[in-house]
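# Notes for the structure review
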Amino acid sequence: MRGMGFTRTDQEWPSGVTHGRIWDIGATWADIHIAPDVFKWDRLDEVVAKMEANGITHITYVIAATPAWAARDPDAPHNAPWLPKGSNSLPGDPDNSWKPFVWALSDRYKGRIHAYEVWNECQLADFMYPWDSKNRKDLAKMTDDANRIIKGNDPKALVGACSILPRETSGGLKKAEKFLTELSKRKNWGGVDFFAAHLYPEGNTKQASQWIDYFDDTKALLKKMKAPKNSGKSSSTIWVTETALGLLSGGISAEKVEQYTAKISDRGAGHVYWYAWDREDLGGAWIGPGTYMWEAIKRHWK
């Protein structure tokens, strides 16, 4: 499969992408659930329709970014600059905010959105603040509740745990394990079908070995914790829902990109979503029209 994250709709998307991930494209929970029981679906409708028209057959949506009206702390500091204030706070009353949104979302898009990630990068203050035992416990319960609601509306849909970050500069797997420990206390780990990981090697050298280490270390941690293996509906326990080579670096040569992608393509991840299409500003091995990164992806991911 070829998975891609998209951040804009006002551009031509490539043909040949089979899996699309919806996150930072103006269709978060905060963008949609604008007041209690008030939903603004037009942007997500647009994104899903464009993915379908572009031949994408498997769509993953990230349920995250709390609306300010629902936030436990609407003035929580450190939110990601592209998200509104309060988005990195968990909801104060999930029964009357989180659960209604998950129900409305999975009911509206049943059969069209095929998988859901419950939250994004909870290890980072940008997306969950504070990083404390209460929030970790609450997010585990939110995951459990989301799984039950989604599968009640759409039994074929897959549900994944919050994306974890193996890279040490993002807290590493020691930090990730604290959240996974809370999730493991839920019955059958909250019923999740997969575990999401974001793999971002640093710099512009040894990208393949770092990527492989991150993936293998994540796999080893889940094995150590006796996490459930894939349910049969998912091709693997681990989905790499964001990755890039040399993100924010000065660039990587075509020769090295070819070497790196060849080495990591057969590692056994269920899905690999590259971040992100036509974002030259992110540096590194830019993925865009005619770039050698895109050509390498096409050669090594069918």
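Preceding this paragraph is the structure being described.
Once a new chain begins, its residue numbering starts again from 1 and follows that chain's sequence as written. Side-chain atom pairs in this predicted model are given and counted only at pLDDT of 80 or more, local residue features only at pLDDT of at least 70, and totals for whole chains, interfaces and linings cover all residues. In computing side-chain values, all of the structure's heavy atoms are included and hydrogens and water are not.

Here we take up the overall build of the protein chain. Numbering of helices and strands runs from the N terminus; a helix is a DSSP stretch of H or I covering at least four residues, while a strand is a stretch of E covering at least two. Of regular secondary structure, the protein chain possesses eight helices and 10 strands. Principal-axis analysis of the C-alpha atoms gives the protein chain an extent of 55 × 40 × 40 Å. In the protein chain, once contacts between residues fewer than 6 apart in sequence are set aside, the share between residues at least 24 apart is 74%. Each accessible area is a Shrake-Rupley estimate made with a 1.4 Å probe; only the visible protein chains count as cover when residues are assessed. Accessible surface computed for the protein chain: about 12300 Å², of which carbon and sulfur atoms make up 50%. Contact between two residues is taken to exist if any of their heavy atoms lie within 4.5 Å; hydrogens are not considered.

Ranked by size, the top nonpolar core spans 86 residues in total, and within it Ile22, Leu44, Tyr61, Trp119, Leu139 and Trp274 carry the most contacts. Residue contributions to this core peak at seven residues, all from helix 6 (residues 207-224). Aside from chain neighbours lying at most four places away, what touches Leu139 is Leu90, Val118, Trp119, Cys122, Met128, Cys162 and Phe179. The next biggest cluster of nonpolar side chains, apart from the first, holds six residues, and it includes Leu158, Phe194, Ala196 and Tyr273. Note on terminology: a nonpolar core comprises buried Ala, Val, Leu, Ile, Met, Phe, Trp, Tyr and Cys residues joined through side-chain atoms within 4.5 Å. Partly exposed residues are those whose accessible area sits between 20% and 50% of the maximum for their type, while under 20% is buried and over 50% is exposed, using a 1.4 Å probe and protein chains only.

Attention shifts here to the sheet that holds strand 1 (residues 3-5). The eight strands lie next to each other as 1-2-5-6-7-8-9-10, forming a closed barrel whose pairing is parallel. Strand-to-strand twist in this sheet, taken as the mean axis angle between neighbours without regard to direction, amounts to 25°. Here a strand pair is declared whenever DSSP counts at least two bridges between the two strands. Here four bridges tie strand 2 (residues 19-22) to strand 5 (residues 58-63), and the two strands are oriented parallel to one another. When the sheet's bridge partners are listed, His19 is paired in strand 5 with His58. Structural elements are reduced to axes, namely lines fitted to C-alpha atoms, with helices fitted over the stretch in contact, and the angle between N-to-C directions of any two is expressed from 0 to 180 degrees.

To continue, consider the environment of Thr143. Along the polypeptide, Thr143 turns up in helix 4 (residues 133-153). With sequence-adjacent residues up to four places away left out, Thr143 is seen in contact with Val118, Phe179, Leu183, Gly190 and Val192. Polar contacts involving the side chain of Thr143 include one to the main-chain carbonyl oxygen of Leu139, which spans 2.8 Å. N or O atoms closer than or at 3.5 Å make up a polar contact, with two conditions inside protein: a donor-capable atom paired with an acceptor-capable one, and, for residues adjacent in sequence, both atoms drawn from side chains.

The N-to-C vectors of helix 3 (residues 98-108) and helix 4 enclose an angle of 30°; their axes lie 9 Å apart at closest approach. In this structure, helix 3 crosses over helix 4, and the sense of that crossing is right-handed. Listed contacts from helix 4 to Trp98, Lys99, Val102, Trp103, Ser106 and Asp107 of helix 3 are Lys141, Met142, Asp145, Ala146, Arg148, Ile149, Ile150 and Asn153. Lys, Arg, Asp and Glu make up the charged group, whereas Ala, Val, Leu, Ile, Met, Phe, Trp, Tyr, Cys and Pro make up the nonpolar group; the residues left over, Gly among them, are polar. Grouping the constituent residues of the contact of helix 3 with helix 4 by class yields seven nonpolar, two polar and five charged. Whether a crossing is left-handed or right-handed is set by the direction in which the near helix is turned from the far one by less than a right angle, anticlockwise for left-handed and clockwise for right-handed.

Here we take up the pattern of salt bridges. The term salt bridge refers to a pairing of a side-chain nitrogen on Lys or Arg with a carboxyl oxygen on Asp or Glu at a separation within 4 Å. Inspection of every chain in the model, using the stated rule, returns 21 salt bridges. When the shortest N-O distance is used, the salt bridge between Arg72 and Asp138 registers 2.6 Å. Separated by 66 residues along the polypeptide, Arg72 in the loop between strand 5 and helix 3 and Asp138 in helix 4 bring together distant segments of the chain. For Arg186, the salt bridge goes to Asp144, with nearest N and O atoms at 3.1 Å. Taken together, the positions of Arg186 in the loop between helix 5 (172-184) and strand 8 (194-199) and Asp144 in helix 4 put the pair 42 residues apart, joining distant regions of the chain.

On to the side chain of Glu117, then. Structurally, Glu117 can be placed in strand 6 (residues 115-118). Residue Glu117 is classed as buried on the basis of its relative accessible area of 0%. Within the local environment of Glu117, its side chain forms a polar contact with the side chain of Arg21, the two groups lying 2.7 Å apart. Ignoring anything within four residues of it in the chain, the contact list for Glu117 reads Arg21, Thr60, Tyr61, Val62, Ile63, Gly160, Ser163, Phe194, Ala196, His198 and Thr241.

Among the seven residues of strand 7 (residues 158-164), seven are classified as buried, and the element is accordingly described as predominantly covered. Pairing analysis gives three bridges linking strand 6 to strand 7, with the strands arranged parallel. Bridging from a neighbouring strand, Tyr116 pairs with Val159 of strand 7. In this fold, the crossover linking strand 6 to strand 7 by way of helix 4 has right-handed handedness. Pairing geometry for strand 7 and strand 8, over three bridges, is parallel. Residue Gly160 lies in a different strand from strand 8, and its bridge partner there is Phe194. What joins strand 7 to strand 8 is helix 5, and the crossover it makes is right-handed. When the strands point away from the viewer, a crossover counts as right-handed if the route from the first strand across the helix to the second turns clockwise.

Everything listed is a geometric property; what it means functionally is a separate question.
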